[in-house]
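Okay, here's what each chain looks like letter by letter:
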Amino acid sequence: MAEITASMVKELREKTDAPMMECKKALSEAGGDLAKAEEILRVKLGNKASKAASRVAAEGIVGIHVSTDGKLAAIIEVNCETDFVAKNDDFLAFVHSLAGLVAEKNPADVAALSTLPLGGATVEAARTALVGKIGENLSIRRFVRIEANGRVAQYIHGGAKIGTVVDLVGGDADLGRDLAMHIAAAKPVALSKDEVPAETIKKERDVAVAKAAESGKPANIVEKMVEGSVQKFLKEVTLLGQPYVKDDKLSVEALLKAKGASVARFVLYVVGEGIEKKTTDFAAEVKAQADSASRV
């Protein structure tokens, strides 16, 4: 069997962008034939994607595309397994391409987006190839496309871990950006009280009832305590009810009124929100990678 040298592995890795250990395995399988090893890796990229699909992808970034006139926007969350890959240039380019594609083509859902053409193939083919290249599971989680009533403002925070878009009617660009930043910081769940899900309000009311019952106060007082608690909760979770982050003596609703503006809608994405993340022994993982590298 031909000797597999570090320089051979390096050359194959530079040609294919495949992980180092995969390059070594392919060269061994090909008997040191570089061209044949490259063919083997091209075939195996799909297999790598299939294996990676079972792994939890809870990191990633939020991508935003806004048209130059501010009338059309798209926000998308794409997940990967590690924060390291979330900073990878190829991954970043893929996410921002998808945001533009959502804005342009208006797909109905993730499945429809996956079938759209991208870079001479489909989005799904591009995703699968990127999984093979990077060696991590990548998943398109969610997106929203906005045709604005006014003009869309955007804000990205924390290495694109938090992203928000706001459809602002009236006001100006500074107000739009300030509101987008407020949403990223205060994380409202709805625009107004009317938009808070009934189930969410019921859960909060049930908690308030249980707490008030422990007070031992008369029923009419308990009822007022419960209602007060629910109303306080609604102010905390609705954009219009929240104190403005730059001036907590002013509500967002009052700010908008003073500026002669209104918010038609907003979208807030926090990467990995609601995804159960796998816990790993980081020290053991680093040791395993070092051991693998030393055998090349």
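Not measured: the values here are computed from a predicted model.

This brings us to the sheet that holds strand S5 (residues 139–147). The strands making up a sheet associate through hydrogen bonds between their backbones, and the pairing can be parallel or antiparallel. In space, the three strands of this open sheet follow the order S1-S2-S5, with antiparallel pairing throughout. Each end of this open sheet is capped by a strand with a single partner; those strands are strand S1 (59–66) and S5. Neighbour-to-neighbour, the strand axes of the sheet open up by a mean angle of 10°, direction not taken into account. As paired elements, strand S2 (residues 72–80) and S5 share eight bridges and run antiparallel to each other.

Right, let's talk about the environment of Cys80 for a bit. Relative to the helices and strands, Cys80 is located in strand S2. A relative accessible area of 0% places Cys80 in the buried class. Through-space distance from the C-alpha of Cys80 to that of Glu136 is 6.6 Å; in sequence the pair is 56 residues apart. If we ignore the near neighbours within four places in the chain, the residues touching Cys80 are Ala57, Ala58, Glu59, Gly60, Val85, Ala86, Phe91, Glu136, Asn137 and Leu138.

Turning our eyes to something else, we now look at the side chain of Ser114. Mapped onto the elements, Ser114 comes out in helix H5 (residues 110–114). The class for Ser114 is buried, based on a relative accessible area of 14%. For Ser114, the side chain forms a polar contact with the main-chain oxygen of Val110, separated by 2.9 Å. Setting aside residues up to four positions removed in sequence, Ser114 forms contacts with Thr122, Val123, Glu124 and Ile140.

With the rule as written, the count across this model stands at zero aromatic pairs. Arg142 extends its terminal NZ or CZ atom over the ring of Tyr269, reaching a point 4.0 Å from the ring centre.

The next subject is the pairing of S2. The side chains of a regular strand alternate between both faces of the sheet. Extensive coverage of S2 is indicated by the burial of eight of its nine residues. Where S1 lies against S2, eight bridges are found, and the strand directions are antiparallel. Note on S2: the bridge partner recorded for Glu59 is Cys80. Linkage of S1 to S2, two consecutive antiparallel strands, is achieved through a turn of five residues, within which Gly70 is found at a positive phi near 75°.

This brings us to the nonpolar core. Membership of the largest hydrophobic core comes to 26 residues, with the highest contact counts inside it found for Ile76, Phe91, Leu98, Leu113 and Val123. Only S2, helix H4 (89–105), helix H6 (123–134) and S5 provide two or more residues apiece to this core. Broken down by element, the residue count for this core peaks at eight residues, all from H4. Counting residues in hydrophobic clusters, the runner-up holds 20 residues, among them Tyr155, Ala184, Phe266 and Val270.

So, about the pattern of salt bridges. A side chain with one charge may pair with a side chain of the opposite charge, provided their charged atoms come close. Inspection of the entire model under this criterion finds 14 salt bridges. Lys161 is the partner of Asp83 in a salt bridge, and the nearest nitrogen-oxygen pair spans 2.9 Å. Within this pair, whereas Asp83 is found in the loop between S2 and H4, its partner Lys161 is found in the loop between strand S6 (151–157) and strand S7 (162–169), the two being separated by 78 residues in sequence. On the basis of relative accessibility, which here comes to 30%, the residue Asp83 falls in the partly exposed class.

Moving on: the sheet that holds S6. Judged by pairing direction, the sheet is antiparallel, and its three strands sit side by side in the order S6-S7-S10 without closing on themselves. Each edge of the open sheet carries a strand with a single partner, namely S6 and strand S10 (262–270). Sheet twist, expressed as the average angle between the axes of neighbouring strands with direction ignored, equals 15°. Bridge count for S7 against S10 is eight bridges, and the pairing is antiparallel. In the sheet register, Gly163 faces S10, and the bridge partner there is Tyr269. Running at roughly 140° to S7, helix H7 (residues 173–186) makes contact with S6, S7 and S10 of the sheet.

Criteria and thresholds
Residues numbered from 1 in each chain as written. Predicted model: local features only at pLDDT ≥ 70, side-chain atom pairs only at ≥ 80, totals over all residues. Heavy atoms only, no water. Pairing = 2+ DSSP bridges. Helix = DSSP H or I, 4+ residues; strand = E, 2+ residues; numbered from the N terminus. Axes fitted to C-alpha atoms, helices over the stretch in contact; angles between N-to-C directions. Buried < 20%, exposed > 50% of the residue type's maximum accessible area, 1.4 Å probe, protein only. Contact = heavy atoms within 4.5 Å. Polar contact = N/O pair within 3.5 Å; in protein donor to acceptor, adjacent residues only side chain to side chain. Phe/Tyr/Trp six-rings, centres within 6.5 Å; stacked < 30°, edge-to-face > 60°. Lys NZ or Arg CZ within 6 Å of the ring centre and 35° of its normal. Core = buried A, V, L, I, M, F, W, Y, C linked by side-chain atoms within 4.5 Å. Salt bridge = Lys/Arg side-chain N within 4 Å of Asp/Glu carboxyl O.

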